Amino acid sequence: MIFGYDVDPVKLWSQVGSNNIRNHGKNFAFAISDQRSECQERPLIFIVHSLGGLVLAQALLICTKAEKEVEKVFQSTRGIIFMGTPHAGSGLADIGL
């Protein structure tokens, strides 16, 4: 499954997306839960890049604290491969890039 979201932080001629990382995480948690409705026990391995790693982290936090319907996503997670995820933030965030 590929999950996409609007991540363009600077749109010169139109409005920047209003979703934040938490909202993207919640959307992802429910999207993956919906995709797994018939196979909720199947193990999950995530491969995430950059901001996607932060979105996944939020999704898994939501799965531990939120509605029962997404709880199985967290319980079924067996591995995560983070690639270029800025766990400690990014110096580029200071200049808006």
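Treat the numbers as computed from the prediction; the structure is a model and nothing was measured.

Peer 1: I'd like a description of helix α2 (residues 51-65), backed by residues and values.
Peer 2: Relative to the 21 Å expected for 15 residues at 1.5 Å per residue, α2 spans 22 Å between its end C-alpha atoms, a close match to the ideal helical length. Buried residues of α2: G52, G53, V55, L56, Q58, A59, L60, I62 and C63, and no others. Elements that come into contact with the buried residues of α2 comprise α1 (21-35), β1 (44-49), α3 (71-76) and β2 (77-83).

Peer 1: Describe the packing of aromatic side chains, naming the residues involved and giving the relevant values.
Peer 2: Inspection of every chain in the model, using the stated rule, returns 1 aromatic pair. Pairing F28 with F46 gives two aromatic rings, centres 5.9 Å apart and planes at 65°, and the pair type is edge-to-face. On the criterion of sequence distance, the pair formed by F28 in helix α1 and F46 in strand β1 is long-range, its members being 18 residues apart.

Peer 1: Now, about α1: what can you tell me, with residues and values included?
Peer 2: Its 15 residues place the ends of α1 21 Å apart at the C-alpha level, agreeing with the 21 Å of an ideal helix rising 1.5 Å per residue. Within α1 the residues assigned to the buried category are H24, G25, F28, A29, I32 and S33. All buried residues of α1 fall inside an arc of 165° around its axis, so they share one side. Packing partners of the buried residues in α1 comprise β1, α2 and α3.

Peer 1: Now, about the pairing of β1: what can you tell me, with residues and values included?
Peer 2: Side chains L44, F46 and V48 of β1 all project onto a buried face; the interleaved residues I45, I47 and H49 project onto a face where none is buried. Direction of pairing for β1 relative to β2: parallel, over a ladder of 6 bridges. Within β2, the position partnered with F46 by the bridge is I80.

Peer 1: How would you sum up the nonpolar core? Please name residues and give values.
Peer 2: Counting 13 residues, the largest nonpolar core has F28, I32, F46, L56 and V73 as the members making the most contacts within it. Taken together, the elements giving at least two residues each to this core come down to α1, β1 and α2. Examining the composition of this core, we find that 5 residues originate from one element, α2, more than from any other. The contacts of L56, once residues within four sequence positions are left out, are F28, F46, V48 and I80.

Peer 1: Outline empty space enclosed by the protein, supporting the account with residue identities and numerical values.
Peer 2: Counted by the stated rule, this structure contains 1 cavity of 30 Å³ or more. Counted as a void, the largest cavity has a volume near 30 Å³. As for the largest cavity, its lining consists of S33, R36, Q40, E69, K72 and V73. Each residue belonging to the lining of the largest cavity can be placed in one class, and the counts come to 1 nonpolar, 2 polar and 3 charged.

Peer 1: Pulling in residues and values, what's your account of the environment of Q75?
Peer 2: Relative to the helices and strands, Q75 is located in helix α3. The class of Q75 is partly exposed, set by a relative accessible area of 40%. It is 8.6 Å that separates the C-alpha atoms of Q75 and C63, two residues lying 12 residues apart in sequence.

Calculation rules
- Residues numbered from 1 in each chain as written.
- Predicted model: local features only at pLDDT ≥ 70, side-chain atom pairs only at ≥ 80, totals over all residues.
- Heavy atoms only, no water.
- Helix = DSSP H or I, 4+ residues; strand = E, 2+ residues; numbered from the N terminus.
- Expected span 1.5 Å × (residues − 1).
- Buried < 20%, exposed > 50% of the residue type's maximum accessible area, 1.4 Å probe, protein only.
- Contact = heavy atoms within 4.5 Å.
- Phe/Tyr/Trp six-rings, centres within 6.5 Å; stacked < 30°, edge-to-face > 60°.
- Arc of directions from axis to C-beta.
- Pairing = 2+ DSSP bridges.
- Core = buried A, V, L, I, M, F, W, Y, C linked by side-chain atoms within 4.5 Å.
- 1 Å grid on protein atoms, 1.4 Å probe; cavity = no way out; pocket = protein on both sides within 12 Å on 5 of 7 lines; lining within 4 Å.
- Points joined across faces, edges and corners; volume = space filled by probe spheres on them.
- Nonpolar A, V, L, I, M, F, W, Y, C, P; charged D, E, K, R; others polar.

Honestly, it's all geometry; don't read function into it.
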